[in-house]
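Now for the letters of each chain:
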Amino acid sequence: MPHCRKTAPKAHAEKHLKTNDNDESAEDEIFPRRLTEGYENFLGGRFPRERERFETLAEKGQSPEILLIGCCDSRVSPELIFDAGPGEMFVLRNVANLAPPYQPNDDYHGTSAAIEFAVMGLKVKHIVVMGHAQCGGVKAYAEMQHDPYMRPLAPGDFIGRWIKLLSVAAEKLGAPSEPLHNWAELLAQESVKQSLKNLRSFPYIETLESRGRLKLHGAYFGVAGGELLALDEKSGEFRQVAAEAHKRALGAAPRF
Ligand SMILES: [Zn+2]
C-alpha cells in the first residue's frame, strides 16, 4: 500500500526537536528500528560474504531443491534451523504448517499456489512438512475439540476455518485426552502425516513421486531442546535426526 502521509514525517521530526528527543521513534514510524539494525548487521556480515551468490541468483534465477512447509511461528524459522543460504530453500509458512488437499475452485489458495509453483515451476526434488512443539494453531484446535465454547487463536474470519484442516488427523487420534498438551503434540505429529497425504492428492505430486523425481518428508522440531525428528513413513514413527550432534550441542558451553 503506498505511503499516504507525506507531511507526517516533518511534523514528527519537529516535535522531537522541541522535546530534545532522539529520532529513533521517527525512524520506527517509517520502518521498524529492529529491522533496520538487523539489516545493518546483514550488510556488515552475510551480504559481503555471499555477494557473489546474490548476484548469480539475481542473474540466473532461483533453483532451490527443497520446498519446506513450516509454521508461521516466530520460534521455528527454517532458514535458521537448517543454516540455509539464499536460494537454497523455497519456504512456505502458514498457521500450523498445513498442506490442504487438492481442491481447485474459486477460493484464494495461497498455500496450494506456492506448492504448485515450487513443484511445477521450480521443479523441487524434495517437499518437507515440518511441524513443531507448542504450536499455537494445533493447541487452539485441541482446546476447541476439548471445549466447544473455546474460540480459535483470535477472533476473525479465517483461523477457525483454516485449522479445521486438522480435523482428519484429530479423528485418527480419537477424542482429546488429558493432559491436553500431550494430545496436542500427538496431533501436531499426526497432522504432518495428513499433510503428506494431502500433498499426494495433487495429481502432479503423486505422478512425480511415483516416478522417483520428487520425495516427500515429514519432520518435527522440538523448540526448547532443539531436537529435530524425521518421519519414517514405513513405521509411522518419528526418529531423531543427527542425535550425536544434538547431544554434543546440549553439552557445549554457551558461546559469548
Ligand atoms: Zn505452529
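Residues numbered from 1 in each chain as written. Predicted model: local features only at pLDDT ≥ 70, side-chain atom pairs only at ≥ 80, totals over all residues.

Asks: So what's going on with the overall build of the protein chain? Residues and values would help.
Replies: Each helix and strand counted, the protein chain has 13 helices and six strands in total. In the protein chain, buried positions account for 27% of the 256 residues. In the protein chain, the share of contacts with a sequence separation of at least 24, taken over all contacts with a separation of at least 6, comes to 60%. (Helix = DSSP H or I, 4+ residues; strand = E, 2+ residues; numbered from the N terminus. Buried ≥ 20, exposed ≤ 12 C-beta atoms within 10 Å, placed from the backbone. Contact = placed C-beta atoms within 7 Å.)

Asks: Tell me about the nonpolar core, and name the residues and values.
Replies: L67, I69, I127, V138, L166 and L187 are the most contacted members of the largest nonpolar core, which has 51 residues in total. Element by element, the count of residues in this core is highest for helix α11 (residues 180–199), at seven residues. Setting aside chain neighbours within four positions, we find L187 in contact with V138, A142, L166, A169, A170 and L173. (Core = buried A, V, L, I, M, F, W, Y, C linked by C-beta atoms within 7 Å.)

Asks: With reference to specific residues and values, describe the environment of G85.
Replies: Along the chain, the position of G85 falls in the loop between α6 (78–81) and β2 (89–94). For G85, a count of 14 C-beta atoms within 10 Å puts it in the partly exposed group. Taking the C-alpha atoms as reference points, G85 and R46, separated by 39 residues in sequence, lie 9.4 Å from one another. For G85, the contacting residues outside a window of four places in its chain are E50 and R53.

Asks: Which residues make up the environment of E185, and what values go with them?
Replies: Topologically, E185 is positioned in helix α11. By C-beta crowding, E185 is classed as buried, having 21 other C-beta atoms within 10 Å. Here the alpha-carbon distance between E185 and A133, two residues 52 residues apart in the chain, equals 6.3 Å.

Asks: An account of the pairing of strand β5 (residues 228–232) is needed here, citing residue identities and associated values.
Replies: Summarising the sheet, strand β4 (residues 215–221) and β5 pair through three bridges and their orientation is antiparallel. Paired with Y220 across the bridge in β5 is L229. Hairpin connection, β4 to β5: the antiparallel pair is bridged by six residues, and V223 has positive phi, about 60°. The sheet contact formed by β5 and strand β6 (residues 237–240) spans four bridges and is antiparallel. Note that in β6 the partner of L229 across the bridge is Q240. Taking the residues that link successive antiparallel strands as the turn, the β5-β6 hairpin has four residues, and the phi of G236 there is positive, at about 80°. (Pairing = 2+ DSSP bridges.)

Asks: Would you mind going over the packing of helix α8 (residues 136–146) against α11 in detail, with residue names and values included?
Replies: A packed helix pair is summarised by two numbers, namely the angle formed by the two axes and the spacing between the axes. With their axes 9 Å apart at the nearest point, α8 and α11 run at an angle of 120° to one another. Considered as vectors, α8 and α11 are oriented oblique to each other. Once α8 is placed against α11, the crossing between them reads as right-handed. Across the interface between the two elements, V138, K139, A142, E143 and H146 of α8 pack against L180, W183, A184, L187, A188 and S191 of α11. The class makeup of the residues in the contact of α8 with α11 is seven nonpolar, two polar and two charged. (Axes fitted to C-alpha atoms, helices over the stretch in contact; angles between N-to-C directions. Parallel < 35°, antiparallel > 145°, perpendicular 65-115°, else oblique. Left-handed = near helix turned anticlockwise from the far one by under 90°. Nonpolar A, V, L, I, M, F, W, Y, C, P; charged D, E, K, R; others polar.)

Asks: Got a sec to walk through unusual backbone geometry? Specific residues and values, please.
Replies: Backbone phi values are negative for most residues with the exception of glycine, while trans is the configuration of most peptide bonds. P179 follows E178 through a cis peptide bond whose omega is -10°. Position of P179 relative to the elements: it lies in the loop between α10 (167–173) and α11. Positive phi values are uncommon outside glycine, yet D83 reaches one of about 50°. With respect to the helices and strands, the residue D83 is situated in the loop between α6 and β2. For D83, a count of 7 C-beta atoms within 10 Å translates into the label exposed.

Asks: So, helix α5 (residues 51–60): which residues are in play, and what are the values?
Replies: With zero of ten residues buried, α5 is to be regarded as a mostly surface element. Looking one or two residues past α5, G61 carries a phi angle of roughly 85°, positive in sign.

Asks: Give a description of the confidence of the model for the protein chain that names residues and reports values.
Replies: Per-residue confidence for the protein chain averages 89 on the pLDDT scale, and 86% of its residues sit at or above 70. Within the model, the stretch residues 1–20 combines pLDDT values under 50 with nine contacts to residues more than four positions away or in other chains. (pLDDT = per-residue confidence, 0-100.)

Asks: Break down the sheet that holds β4 for me, citing the residues and quoting the values.
Replies: Within the open sheet, the six strands sit side by side as β2-β1-β3-β4-β5-β6. Their pairing is mixed. The two strands at the open ends of the sheet, each matched to only one other strand, are β2 and β6. For this sheet, the mean angle separating the axes of adjacent strands, direction not counted, is 30°. The pairing of strand β1 (residues 66–71) with strand β3 (residues 126–132) spans four bridges and is classified as parallel.

Asks: Describe helix α3 (residues 33–44), naming the residues involved and giving the relevant values.
Replies: With twelve residues, α3 should reach 16 Å at 1.5 Å per residue; the first-to-last C-alpha distance of 17 Å fits that figure. A small share of α3 lies buried, amounting to zero of its twelve residues. (Expected span 1.5 Å × (residues − 1).)

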